Structures are given as C-alpha cells and as structure tokens.
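Structure assessment
Residues per chain, in single letters:
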Amino acid sequence: MRHAAIDIGTNSVRLLVAEENGGAMQALDRQLQTTRLGSGLMSCGVLPVQGKKRTQEAVAAFFLRAKELNAEKISIFATSALREAEDGAVFAVQLEEAVNNPVEIISAQTEARYSYLGVIKSLGEKDRLVFDLGGGSCELIWPDGDSLAYLSLKIGAVYLTDVFFQQDPPDAGEVDKARRYIRECLQKNSFDLKPLAGVGGTVTSLAAMAQKLAVYDPAKVHGYVLTRAEIKSQLKKMLALPVAGRGMLPGIRKDRAPILPAGTLVIDVLLDICQAESLTVSEGDILLGALYANASA
C-alpha cells in the first residue's frame, strides 16, 4: 500500500510518498517548496497573502503528485503557523476545498509524536532526546517510561529571524539578544539529557555544509554525526556573510539562507545546555512519523 503525507510548515511545504512493505516505509518521492507561510506572522497575527498563495499552489501540486504515484491514503497536516495565526483555521478550510481532502491542524503534542516516531523508525534507537527545529517552533521529545514527554518552544528559525535580525548579516548585538532569548527558553524548562538526534531543515543543511555537498544527498546526511565544533564553525562563517553570499556556500539552499543563522544558534545553545559534543542527524522526521502513525491507525 502506498501512503503520502504533506506537511504545511512555517517555512516550507513538503511531500513524502512511500510504499509500505513488511511494516516498513520505503520512500518513493520527496519534494519541498519554500513558501514562507509564517513570515511576518508575529508582527501582524495573520498569514501573508503571498505566503498563502505559494502554500496553496504547493499543496495542490504535491497532492496531484501523490495521486500520480497512486497513493491510497494522503494525509495533509499543518503545524505552528496555522495553529497560531488568526486566520489559520479559515486557511485550512480553503486548502481542503482546493484539493478536496482533509487538512488537519495538528497539536504540538501530535507534532512531537510524529517527529519522534520518524526518528526512531529511521535511526533504530529509542533512547534519544529528539529535537525538531522548524520555522515557528522547536519541539523536544524524549521517552518517559511507557510514554513520551515533550516541550514545544517558540524558538523556530523563521520566528527568531523575524524578531531579532534586522541587519544583513546580523550584528553582534542582535546575535547576543537572540542567543540570550534561546537560552532562557531552554533553561526555564527541564528535559532528560540523552544522546541528541535532530531533524529539520537547519539540521540537515548543517550536515550538508559540513560535508561540502554541492548536490544534496539524503543518504550522506541521514545518520551523519554533526559535531559541536562543526556547528560553531559554520555559524561563524554564516554570520560573516550577507544572505546573498551565504546562499553560495556549499550545502545551503538559497531559499533557506536567510533563516539558517538563527536556526544554527538554537542548536549551538542546545548542545551547550546539554553539555553534548555532537548530535545525530535524521532524515526520518515528522513526515515519516505521520506515515507510520496513519498506517497503524
């Protein structure tokens, strides 16, 4: 049986189509379109017109692609941008009508569960502190007895960029303020200090940058052990360049270049607080977790 999931995130819309074979999901197609749906959301409370237009086009195209690949079950879900926007529920209905398929605004708890499931199914290790760094928020998830514990923190890469970074590149004062805010958000919460595994565009981009991948290769990114030294080195390099120059570095998608420094700051601070020297990068994420969850439902 073939399954598909479409994730409507704060920064991008993503598609995963996979075939269920012996209880495992074998990926058939992955696609991503940067839509910046959550850009400016914190200042006005509503979704940007162009962001909604790009998102609707991406969802329609990905839905059609899933149908072309004969996906029998297509799950479309949205995360923090639609949860928080005043017009999020209305826009979800518009998307449903456009593709004639349910669009679910999932809770932070469901988002965390999907992300954790995607990581453990792909990495094969359960005893992890998983973090899913998105555009609007960052979820931290870890096993707690027979259940999962999680935090959802307002330290997403798009959010931090919009709130703290006005200069290009960000100046030292802006970086310090963002770093202090991230640290405060993490330190006022408690979580288990287990081996770290990370998912999301910032994490996979850093793995690609560390390996100087001219062409993104999921096989080389998945399972890559990203060291604290590599993260600090890439952060220093990015903060010295404007967006245009940053987008030319090997391993960076040009459409992700504006938000990568903020996302990298989050990872740098998290490693410091966890006193960890590295993290494992996972390509298996919320999309894969959603497919497994829906297949077993």
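Residues numbered from 1 in each chain as written. Predicted model: local features only at pLDDT ≥ 70, side-chain atom pairs only at ≥ 80, totals over all residues. Heavy atoms only, no water.

**Some words on the sheet that holds strand E8 (residues 147-153)**
Note the following rule: If DSSP finds at least two bridges between two strands, the strands pair. Runs of H or I in DSSP of at least four residues are treated as helices and runs of E of at least two as strands, each being numbered from the N terminus. Axes, fitted as lines to C-alpha atoms, cover a helix only where it is in contact. Angles between the N-to-C directions of the axes lie from 0 to 180 degrees.
In spatial order, the strands read E8-E7-E6-E9-E11-E10; together these 6 strands make up an open sheet with mixed pairing. Each edge of the open sheet is held by one strand with a lone partner, namely E8 and strand E10 (225-227). Neighbour to neighbour, the strand axes of the sheet diverge by 30 degrees on average, direction disregarded. By the bridge criterion, 2 bridges tie strand E9 (residues 196-199) to strand E11 (residues 278-281) in an arrangement that is parallel. For Ala-197, the partnering residue across the bridge sits in E11 and is Thr-280.

**Overview of the pattern of salt bridges**
As a reminder of what qualifies: Salt bridge, as used here: a side-chain nitrogen of Lys or Arg that lies within 4 Å of a carboxyl oxygen of Asp or Glu. Exposure is judged per residue with a 1.4 Å probe applied to protein chains only, and the accessible area is read against the type maximum: over 50% gives exposed, under 20% gives buried, and values in between give partly exposed.
Scanning all chains against the criterion turns up 19 salt bridges. Arg-14 is the partner of Asp-7 in a salt bridge, and the nearest nitrogen-oxygen pair spans 3.1 Å. Judged on exposure class, the residue Asp-7 and its partner Arg-14 are both buried. Asp-285 serves as the salt-bridge partner of Arg-14, at 2.7 Å between the closest nitrogen and oxygen. In this pair, Arg-14 sits in strand E2 (residues 12-21) while Asp-285 sits in the loop between E11 and helix H13 (286-296), placing the two residues 271 residues apart along the sequence. We note that Arg-14, like Asp-285, is buried. When salt bridges that share partners are traced, they join Arg-183, Arg-228, Asp-272 and Glu-277 into one network.

**Points about empty space enclosed by the protein**
Let me state the cut-off plainly: We place a 1 Å grid over just the protein atoms. Points where a 1.4 Å probe fits but has no way out form a cavity, open points with protein on both sides within 12 Å along at least 5 of 7 lines form a pocket, and any residue with an atom within 4 Å of a point lines it. Grid points are joined across faces, edges and corners, and a volume is the space filled by probe spheres set on the points.
Across all of its chains, the model carries 1 cavity of 30 Å³ or more by this definition. In this structure, the largest cavity encloses a volume near 60 Å³. For the lining of the largest cavity, the elements supplying multiple residues, two or more each, are helix H1 (41-44), helix H3 (80-84) and helix H6 (157-164).

**A short note on the packing of aromatic side chains**
To keep it simple, the criterion reads: Aromatic pairs are defined between Phe, Tyr and Trp rings, using the six-membered ring for Trp, whenever the two ring centres lie within 6.5 Å; interplanar angles under 30 degrees are classed as stacked, those over 60 as edge-to-face, and all others as tilted. For a Lys NZ or an Arg CZ to count as sitting over a ring, it must be within 6 Å of the ring centre and within 35 degrees of the ring normal.
This model, assessed by the stated rule, comprises 4 aromatic pairs. Both rings, one in Phe-164 and one in Tyr-181, keep their centres 5.4 Å apart while their planes meet at 45 degrees; by these two values the pair is tilted. Pair noted here: Phe-164 is in helix H6 and Tyr-181 is in helix H7 (residues 172-187), with a separation of 17 residues, a long-range link. Since its relative accessible area comes to 17%, Phe-164 is described here as buried. The lysine or arginine in question, Lys-121, covers the ring of Tyr-292, its NZ or CZ lying 4.9 Å from the ring centre.

**What about the packing of H7 against helix H12 (residues 260-274)?**
This is how it is decided: By definition in this entry, angles of less than 35 degrees are roughly parallel, angles greater than 145 are roughly antiparallel, angles of 65 to 115 are roughly perpendicular, and the rest are oblique. Working rule for handedness: look at the near helix, and if it is turned counterclockwise from the far one by less than a right angle, call the crossing left-handed; if clockwise, right-handed. Contacts are assigned to residue pairs that have any heavy atoms within 4.5 Å of one another. Any residue outside Ala, Val, Leu, Ile, Met, Phe, Trp, Tyr, Cys, Pro, Asp, Glu, Lys and Arg is labelled polar, Gly included; the first ten of those are nonpolar and the last four are charged.
Here H7 crosses H12 at 50 degrees, and the two axes come no closer than 10 Å. It follows that H7 is oblique to H12 by the angle criterion. When you trace H7 past H12, the crossing you get is right-handed. Here Val-175, Ala-178, Arg-179, Ile-182, Arg-183, Leu-186 and Gln-187 of H7 lie close against H12, whose contacting residues are Leu-265, Val-266, Asp-268, Val-269, Leu-270, Asp-272 and Ile-273. Split into classes, the residues belonging to the contact of H7 with H12 amount to 9 nonpolar, 1 polar and 4 charged.

**A few points about unusual backbone geometry**
Omega for the bond connecting Asp-168 with Pro-169 falls within 30 degrees of zero, at 0 degrees, which places this linkage in the cis form. Although it is not a glycine, Arg-36 sits at a positive phi angle of roughly 50 degrees. By secondary structure assignment, the location of Arg-36 is in the loop between strand E3 (24-34) and H1. Accessibility expressed as a relative area gives 18% for Arg-36, which makes it buried.

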